[in-house]
Structures are given as C-alpha cells and as structure tokens.
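Here is what each chain is made of, one letter per residue.
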Amino acid sequence: MEDIEDMFAGGAGGAPPGFRLPLNAVGVNPKRNTSKRSISKQKDEVTDPNRDSLAPPSMKIPGTQTIYIKTFGCSHNQSDSEYMAGQLTAFGYGLTEVPEEADLWLINTCTVKSPSQSAMSTLITRGRSGKKPLVIAGCVPQGSRDLKELEGVSVVGVQQIDRVVEIVEETLKGHEVRLLNRKTLPALDLPKVRKNNFIEILPINVGCLGACTYCKTKHARGHLGSYTVESLVERVRTVISEGVKEIWLSSEDTGAYGRDIGVNLPILLNAIVKELPSDQSTMLRIGMTNPPFILEHLKEIAAVLRHPCVYTFLHVPVQSGSDAVLTAMNREYTSGEFRTVVDTLTELVPGMQIATDIICGFPGETDEDFSQTVGLIKDYKFAQVHISQFYPRPGTPAAKMKKVQSKIVKQRSRELTCVFEAFAPYTGMEGKEERIWITEIATDGVHLVGHTKGYIQVLVSGPESMLGTSAIARITSVGRWSVFGEVIETLASTNVVTQVREETKPACTSDVSTCETCACSAESCCGEGKSGEACNVSGDITRQDHKTGEKSMTKEEEKQEVVSHWGLVDKALVCGVFVSSLTILVLIISIASRVLLRQ
C-alpha cells in the first residue's frame, strides 16, 4: 500500500528515539496556486502565509496563545494528545476546553469508522467559519493525505507529535505546515499533560502485523514498531513516582508486541509487574489484543492476569462468529481459536472479564453467518460487547466487496444489541465486599468511579479527595452497565515496597520481629501462636476508618511510630547532651573536692 512508509528512517537502525529534524529541514515554498495539486505527493513543507484559505496570522507573542485540543478515537490517540499538550504547555502555550476562547484548534483524528471522520469534518468546517487556525493530527491525515477537508490546514503525522510546537508556531504565523513522513518512534519521556492525573496511557508499540481487509488504521499507523522493554519499564517507574494509580498499556495490537525486536508480550508484562508497588496502589490494565498473537502465550498471560496488581480484564475482539466471515476479513484465526482464548483465560484466571467487538453486516455475511455470531455471544454472555455496523473505508479491500443491504445491516445490529442488552452479568454481586480503585468522577457529576480487580465499574459516593485511592466497597445494587456501592473503609497505601523486593526476601522465620524482612505475611507469622497485638506489624496497607478518617494503631505501633522518628541526627544530639551533662557533673565534683581539701 503506497500510503504505508517504513517505520524507521535509513533502514533497520533508524534514528534514535526522539530524533527531531531541524526546522530548516521543512521547506518554505513561494506563493502559488495549489488548488489542483496532489497533496498525497507532498513532502514535509510549510506553505506561504499569504494564502487566502488560511486564518490570519496571530498578533500575540509566540508561545503565549491558547490552544483547544479535541481528540477522537482510541486510548492511543488520547495518549498522543496528552503528549502534544505537554509539549505545548512546556513551551508556554495555554490550554482551554472552550473552543471559542482558543487562538488555535488542534484536532486529533480517528480513521476507524466513518462517523468519527465525519465528526472531524464538521469540526474543521466550524473552525474555518470561526477563522481559527487549524492543526489536524492523528490517523486521518496520515492515512488519507489527499482528503479534500485537509486542504489549507496544517497536518501532523502520528509519529511527528514531538514536533507539535514547531507546527503550532508556524500555523499561528499563517503558514500551512505538513509533517507526515515517519522518522522514528516518539520518545516516551516527552512532557505530558494527562487528561486524568491518575491514569497513564502507555503506548507499547505502534502499528500491527495484520492486514485486515476492512481496516484503515494500518494505512496510518503502519507496520509493527515496538518500544524496548527497558524504555517501557523506565517509563513505568517514572509515572509511579508521579502518583499514577492506573497504567493502561495501549497499542493497535498489544499481543503483537515485541515480535519486531525479538521479545514478546509476556516478557514485557513480567518486567513491568516487578515495578508495581506490592500494596496494589498502582494497577496495570493490559490493552486490546487480537487472538492470533496470544494463543501461544495464554498460560503466561494468565499468570500475569492473576497478579494482585493487574486487572483481570482483557479486550479481545472477535468481530464475527463465522469462520467464513473471518476469512473474508483476513483476521488470521477461527472462531474456535477465539473460544480457546476465552475458555483458557476464564479457567486459569479467577474472576476473569473479557470484552469483545462485533462488526455486523460485513460484505458477504449471510443469515447463517450472523446466526453463528449471535450464538457465540449467547454462549459467553460477555459483560461488554462493542457492536458496530460495517463501514467501508476508502482504500481498503473490503470497500470494493459486494455490500450487504443497509436495512439488513441495521436490522442485524439491532437484533444483536437486543440479545446483548438482555444479559445481566452483575446479578449476584449485591452484598459482596470488593476492593476497588477510584480514579474518575462519573459523568453524572455526583458519583466517583472505581473498578474492581475484574475492572467492573463501581459507582460510589464520596469526596473528590478519594480520587487516586483504593477502598473496600459493599455492593448495594447492580445495573446493566455498572454496579453501585458504598465505601466501608479506605485503604491508605505505603507505596514503598515493590514486588521484586518481596520476591527476594529470605524465607519466613516465623518471628514477628522479622516479618518485614522475610517472605511471609504477618498473618502467617501469627499462625505460630503469636498474639494478635504482636502481629500488628507494619505492612503494605493501613486500614483507615471511613467515617472518622483516623488510622487505628496499637500501643506497640505507637511506640514504634515514635521511635521511627529518631534519626541519626537526633541520636547524635542526645549523645552530645549526655556527654555534656556527664562532663559538667565531673567538674562539679572536682571543684567540690578541692574546696574541701583547702578547708
């Protein structure tokens, strides 16, 4: 496909991570009539500021303007927007959520479905009408360079996000900038402004190894390009130190990670979980993975999903329950292999939750094909199924296939939606106590959003100060999409001991005094006949009363708490006072003895 360029410049070695071309590498072209030129053949360039189609240059001091960022699409796109926002704010630009207040609009686009691209077009039209300078980023300009809507606006490719400041600067001057040629993977340590301070979206690779006949994203994101294990682990360490409580691994296909650099997903996952605090204050969520690339690693992935710091949740798109349709889609697996993935993970991982995707009305889909899809969904009663109608994307093989009638597609979509919405996946959870991790405010503006280890959404009432904390909640009622609960107690984490340290502790001595340095838990030491008070040693989690907010401590703990504040300087001062007092006492005795001898 001519739109797909090599991931790395100059062959396999490529440029180093974060490599940036100097600004003078972007040519400035003289004024010319470009209405008939083919944008798809352009190289990176800046066009003359006198073009009538562009917004007037900004008269403000560079770096002081305000930017409005709108993001469409997946979590990977959201991460790209956060990186671009970080670089812009680091340079001095302000951010606003009110489009009318902004001096420039930055629109990060999605090309997966027609509706999202249509929403982009509407927003571009609105920006033009308001005379707003526009920068279009994301998969649409990268995968469809000759799109009419992109004429007269600046565009930035998915792997040029580290140059967003330059693009914004030039656009505000009235230039049209186009940076689409891929050079290297953007660095992971770029400045970042998270939409949610407690959630880090961590891209582990870009592109994929598949060639699905309906997919336009491959045109934009290209072939698989993975970050190294070391760079990802270092990023994990950094975001944990910054107070992040959830890490989402994101990519176009998580399961394909590392196959281009000689590693695989289990190697990465095991390296990451070693960095997660053992008090479970920071949780890991594994991103979407297609069936083909995890079939050979199911047991290893199941072991990671059982880890206390990893959500027992996975998004595995099946797209159809018919092998004939899957073959037409070029999905490279069968419905039976998808069932193997689900059955194995469900068997090996307690509380496993799996989400999936379905495309209704793919070209050539018969009534029998669709009935097989309905049967698959009924068999597993998935709590989450993303159902969409087939949308032909320009430039894809599926766009040339004979389409199913529109009314049939809509009918199948409605039928499957009715089947899915009839499920009651959370029935029976009432009265149960679950540990939840609270990271968001609900859309109703009243509740806080927490998730169980199975990533089931729990809505609770509480102050915003509970964001970023973990708590024990009792489930009070269940709905179709989430459950409601009340917080019984919050869990204050120490966040200081990592799993890797825990694994390297010496064997249990059954001595409470050494519980913090051996590989046992306090409870196992208590099993050797120790008293309950003696067993109340420092652990990973301190329980905190939800009503009073006070931590419960025994007398022994209070003594330890006081002693723990005596540092080296404190002890030296005490010794100094003792020595001084002793010296004074000796002097007094010496003087008294001399006086007595004279008498």
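Residues numbered from 1 in each chain as written. Predicted model: local features only at pLDDT ≥ 70, side-chain atom pairs only at ≥ 80, totals over all residues. Heavy atoms only, no water.

## Regarding the overall build of the chain
- The helix and strand tally for the chain stands at 16 helices and 22 strands.
- Among the 599 residues that make up the chain, the fraction classed as buried is 50%.
- Sequence separation of 24 or more characterises 73% of the internal contacts of the chain that already satisfy a separation of 6 or more. (Helix = DSSP H or I, 4+ residues; strand = E, 2+ residues; numbered from the N terminus. Buried < 20%, exposed > 50% of the residue type's maximum accessible area, 1.4 Å probe, protein only. Contact = heavy atoms within 4.5 Å.)

## Brief notes about the UniProt feature "transmembrane region" (unreviewed entry) in the chain
- Mapped onto the present numbering, the UniProt feature "transmembrane region" (unreviewed entry) falls on residues 577-597.
- Here residues 577-597 runs as 100% helix and 0% strand, with 31 Å between its end C-alpha atoms. (UniProt positions renumbered as here; feature names shortened; annotations may be inferred.)

## Considerations on helix α4 (residues 164-172)
- Counted residue by residue, α4 has eight buried out of nine residues, so it is predominantly covered.
- Of all the positions in α4, only Val-164, Val-165, Glu-166, Ile-167, Val-168, Glu-170, Thr-171 and Leu-172 are classed as buried.
- Immediately downstream of α4, the backbone of Gly-174 shows phi near 100 degrees, a positive value.

## Section: the packing of aromatic side chains
- This structure, assessed with the given rule, holds 11 aromatic pairs.
- Relative to Tyr-93, the ring of Phe-91 has its centre 5.7 Å away and its plane inclined at 25 degrees; by these criteria the two rings are stacked.
- Taken together through their ring pairs, the aromatic side chains of Tyr-311, Phe-313, Trp-437 and Tyr-455 make up a single cluster.
- If you follow Lys-192 out to its NZ or CZ, it ends over the ring of Tyr-83, 4.4 Å from the centre. (Phe/Tyr/Trp six-rings, centres within 6.5 Å; stacked < 30°, edge-to-face > 60°. Lys NZ or Arg CZ within 6 Å of the ring centre and 35° of its normal.)

## Observations regarding the packing of helix α1 (residues 75-91) against α4
- Taken N-terminus to C-terminus, the directions of α1 and α4 make an angle of 65 degrees; their axes are 9 Å apart at the nearest point. Once α1 is placed against α4, the crossing between them reads as right-handed. Along the contact surface, α1 presents Met-84, Gln-87, Leu-88 and Phe-91, while α4 presents Val-164, Val-165, Val-168 and Glu-169. (Axes fitted to C-alpha atoms, helices over the stretch in contact; angles between N-to-C directions. Left-handed = near helix turned anticlockwise from the far one by under 90°.)

## Quick word on the pairing of strand β16 (residues 384-389)
- The pairing of strand β15 (residues 353-360) with β16 spans six bridges and is classified as parallel. Along β16, the bridge assignment pairs Ile-359 with Ser-388.
- In this fold, β15 hands off to helix α11 (residues 367-380), which returns the chain to β16; that crossover is right-handed. (Pairing = 2+ DSSP bridges. Right-handed = clockwise from strand over helix to strand, strands pointing away.)

## Here we look at the pattern of salt bridges
- Counting across every chain of the model gives 17 salt bridges.
- Note that Arg-237 and Glu-234 form a salt bridge whose closest N and O atoms lie 3.0 Å from each other. Taken as a pair, Arg-237 and Glu-234 lie in helix α6 (residues 229-241) at a separation of three residues, close to a single helical turn.
- For Arg-237, a relative accessible area of 40% gives the class partly exposed.
- Between Glu-486 and Arg-474 there is a salt bridge; the shortest N-O distance is 3.1 Å. Note that Glu-486 is positioned in strand β21 (residues 483-493) and Arg-474 in strand β20 (residues 469-478), a separation of 12 residues in sequence.
- One salt-bridge network, held together by shared partners, links Glu-82, Lys-192, Arg-194, Glu-200, Arg-235 and Glu-242. (Salt bridge = Lys/Arg side-chain N within 4 Å of Asp/Glu carboxyl O.)

## Let's talk about the sheet that holds strand β12 (residues 246-250)
- The parallel open sheet is built from three strands, whose spatial order is β9-β12-β13. The open sheet terminates on both sides in strands that have one partner only, identified here as β9 (199-203) and β13 (283-285). The average angle at which neighbouring strand axes cross in this sheet is 20 degrees, direction not considered.
- Bridge count for β9 against β12 is five bridges, and the pairing is parallel. Looking across to β12, one finds that Leu-202 is bridged to Leu-249.
- Here α1 sits on the sheet in contact with β9 and β12, set at roughly 105 degrees to β9.
- Across the face of the sheet, α6 comes into contact with β9 and β12 while running at roughly 170 degrees to β9.

## Here we look at the sheet that holds β16
- Overall, parallel pairing links the three strands, which are arranged β14-β15-β16 in an open sheet. A single partner strand is all that each edge strand has here, and the edge strands are β14 (313-315) and β16. On average, adjacent strands in this sheet sit at an angle of 15 degrees to one another, irrespective of strand direction.
- Lying over the sheet, helix α12 (residues 406-421) contacts β15 and β16, oriented at roughly 170 degrees with respect to β16.

## Examining the nonpolar core
- Of all hydrophobic cores here, the largest spans 94 residues; its most connected members are Leu-106, Ile-247, Leu-284 and Leu-345.
- The next biggest cluster of nonpolar side chains, apart from the first, holds 17 residues, and it includes Phe-72, Ile-136, Val-140 and Leu-147. (Core = buried A, V, L, I, M, F, W, Y, C linked by side-chain atoms within 4.5 Å.)

## Examining helix α8 (residues 298-305)
- All of the buried residues in α8 are Leu-298, Ile-301, Ala-302, Val-304 and Leu-305. Taken around the axis of α8, the buried residues stretch over an arc of 160 degrees, which confines them to a single face.
- For α8, the secondary structure elements touched by its buried residues are α7 (265-273), β14 and α10 (335-348). (Arc of directions from axis to C-beta.)

## Some remarks on the pairing of strand β3 (residues 66-71)
- Relative to strand β4 (residues 94-96), β3 runs parallel, the two being bridged by three bridges. Across the sheet, residue Thr-66 finds its bridge partner in β4, namely Gly-94.
- Traced from β3 through α1 to β4, the parallel crossover comes out right-handed.
- As paired elements, β3 and strand β5 (residues 104-109) share five bridges and run parallel to each other. Pairing of Ile-67 across the sheet is with Leu-104, part of β5.

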